[in-house]
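A closer look at the structure
Given next are the chains, with one letter for each unit.
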Amino acid sequence: MIGLQILVDGFAISALYALGAMGFTLIFGVSGVLNLSHGALMVTAAVAAWAASAQYGFGSYAGAAIGVLCGLVGALVTYFAVVAPIERSKAIPRAEKEIFVLTGTLLWGIMIQQLVAYFYTDNPKTVLPLIEGVVELAGVRTPRNELFTALVCWVVIALLWAFVNKARAGKVLLAASMNPRGVTLLGHDMGRIYIAVWAIYGLLAGIAGVLLGMFLGVSSYSVGPLTASAFSIVVLGGLGSVTGSLIAAYVVGYLETATAYLVSPAYRVIPALLLLVAVMYLRPQGFLGRR
């Protein structure tokens, strides 16, 4: 019975991780940025949705929309206030800008975490679910909202895939991830492309954060583990590889779920980090990364 529970819960949490990792992978593929404030943006979206619905009476649907909007705004503020100034700075050597961006987004994430804790305390917050009730799957009682979470994640992932591979604007983003200079020569403004990518990332992080708040709940303490999980997923899958990130999301999701059930929720991220160390030693390019 516990094995089936791990299977069901692991599928939902893995879908959430996959959704979050898509945006994480997208901004790295296009702009080469590893955003270490990722967990903070997800938590911000979830807490905003909780506050809007539970404290200010907007209702679950409006609260969820407000949470997603906060994820979008948070991502754009991260780009304009942290990432863009570093990348445009002439005082920072080009070879050192990557480490400055990593440090800047890390510190930015810590600032957001402290602001969330200051205004809303460190207590866990659970966002009002959009769908209530439970269903029984092979003898396991499963919240309907859990199945809804997995469904929404995969619908959004499918829409993102269709946009990137079918829409003209999406193809430009895909081309920018492969050959930025070539895209520039064709007359496209990379600055606008970066803004579009960060906006898409913000929407994905916002949706993932709100759904996570409905499924497991979040607090300011969730920032570090969420960032660590996203980082593990994109490195395990291979930096810039969307397919690799999807596979890695399910590996990490099921590892964390099994650890939470069989050992303790306090240690849920440790197996994934140990796997990350092993993969970086044995196959540094990740599951599907390029050599």
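Since the model is a prediction, treat every value here as computed from it, not as a measurement.

1. Some remarks on the overall build of the chain
- The helix and strand tally for the chain stands at eleven helices and two strands.
- Start at the N end of the chain and walk to the C end: the helices and strands fall as α-α-α-α-β-β-α-α-α-α-α-α-α.
- A compact globule built from 291 residues would reach a C-alpha radius of gyration of about 19 Å, and the chain, at 19 Å, matches this within 12%.
- C-alpha extents for the chain along the principal axes are approximately 60 × 45 × 35 Å.
- Out of the 291 residues in the chain, the part that is buried amounts to 51%.
- In the chain, of all internal contacts separated by at least 6 residues, the share reaching a separation of at least 24 is 73%.
- Carbon and sulfur atoms form 68% of the exposed surface of the chain, whose accessible area is close to 14,000 Å².
- Placing the 16 positive and 10 negative side-chain charges of the chain at their respective mean positions leaves the two points 14 Å apart.

2. Some words on the environment of Phe80
- Inspection of the secondary structure assignment puts Phe80 in helix α3 (residues 60–88).
- The class of Phe80 is partly exposed, set by a relative accessible area of 44%.
- Counting along the chain gives 115 residues from Phe80 to Ile195, while the straight-line C-alpha distance between them is 8.8 Å.

3. Some details on the nonpolar core
- Of all hydrophobic cores here, the largest spans 81 residues; its most connected members are Ile193 and Trp198.
- Ranked by residues supplied to this core, first place goes to helix α8 (residues 190–215) with 15 residues.
- With residues up to four places along the chain from it excluded, the contact list for Ile193 reads Val30, Val172, Leu173, Ala176, Val183 and His188.

4. Some words on the UniProt feature "transmembrane region" (unreviewed entry) in the chain
- The feature "transmembrane region" (unreviewed entry), as annotated in UniProt, sits at residues 6–28, 40–58, 64–87, 99–120, 147–164, 193–218, 230–253 and 265–282 in this numbering.
- End C-alpha to end C-alpha, residues 64–87 measures 33 Å, and it is 100% helix and 0% strand.

5. Quick word on the pattern of salt bridges
- A complete count under the given rule lists one salt bridge for this structure.
- The salt bridge partner of Glu256 is Arg268, with a shortest N-O separation of 3.6 Å. Of this pair, Glu256 sits in helix α10 (residues 242–262) while Arg268 sits in the loop between α10 and α11 (270–282), and the two are twelve residues apart along the sequence. With respect to burial, Glu256 and Arg268 carry one shared label: buried.

6. Let's talk about the side chain of Glu256
- Under the relative-accessibility criterion, Glu256 is labelled buried at 1%.
- Of the polar contacts made by the side chain of Glu256, one reaches the side chain of Tyr17; its length is 2.5 Å.
- With residues near it in sequence (within four places) discarded, Glu256 still touches Tyr17, Ser229, Arg268 and Val269.

7. Overview of helix α9 (residues 223–237)
- The terminal C-alpha atoms of α9, which comprises 15 residues, lie 21 Å apart, in line with the 21 Å expected from a rise of 1.5 Å per residue.
- Buried residues dominate α9, accounting for eleven of its 15 residues.
- Looking at α9, one finds that the buried residues are Val223, Leu226, Thr227, Ser229, Ala230, Ser232, Ile233, Val234, Val235, Leu236 and Gly237.
- Buried residues along α9 sit against α1 (2–31), α2 (38–55), α4 (97–120), α8, α10 and α11.
- Once α9 finishes, Gly238 follows within two positions and takes phi at roughly 110°, a positive value.

8. Remarks on the packing of α2 against α9
- Two numbers describe how α2 lies on α9: the axes approach to 7 Å, and their chain directions differ by 125°. The angle between α2 and α9 falls in the class oblique. Crossing angle aside, the handedness with which α2 passes α9 is right-handed. Across the interface between the two elements, His38, Gly39, Ala40, Met42 and Val43 of α2 pack against Val223, Leu226, Thr227 and Ala230 of α9.
- A per-class count over the contact of α2 with α9 returns six nonpolar, three polar and no charged.

9. Some details on α8
- Over its 26 residues, α8 runs 37 Å from end to end, which matches the ideal 38 Å to within 8%, given 1.5 Å per residue.
- Burial analysis of α8 places 20 of its 26 residues in the buried class, the great majority of the element.
- One side-chain oxygen of the residue at the start of α8 lies 2.9 Å from the amide nitrogen of Gly191, identifying that residue as Asp189.
- Gly217, located one to two residues past α8, shows a positive phi value of around 85°.

How each quantity is defined
- Residues numbered from 1 in each chain as written.
- Predicted model: local features only at pLDDT ≥ 70, side-chain atom pairs only at ≥ 80, totals over all residues.
- Heavy atoms only, no water.
- Helix = DSSP H or I, 4+ residues; strand = E, 2+ residues; numbered from the N terminus.
- Rg over C-alpha atoms; globule rule 2.2 N^0.38 Å.
- Buried < 20%, exposed > 50% of the residue type's maximum accessible area, 1.4 Å probe, protein only.
- Contact = heavy atoms within 4.5 Å.
- Areas by Shrake-Rupley, 256 points an atom, 1.4 Å probe, with all protein chains shown as cover.
- Lys, Arg positive; Asp, Glu negative; His and termini not counted.
- Charge placed at Lys NZ, Arg CZ, Asp CG, Glu CD.
- Core = buried A, V, L, I, M, F, W, Y, C linked by side-chain atoms within 4.5 Å.
- UniProt positions renumbered as here; feature names shortened; annotations may be inferred.
- Salt bridge = Lys/Arg side-chain N within 4 Å of Asp/Glu carboxyl O.
- Polar contact = N/O pair within 3.5 Å; in protein donor to acceptor, adjacent residues only side chain to side chain.
- Expected span 1.5 Å × (residues − 1).
- Axes fitted to C-alpha atoms, helices over the stretch in contact; angles between N-to-C directions.
- Parallel < 35°, antiparallel > 145°, perpendicular 65-115°, else oblique.
- Left-handed = near helix turned anticlockwise from the far one by under 90°.
- Nonpolar A, V, L, I, M, F, W, Y, C, P; charged D, E, K, R; others polar.

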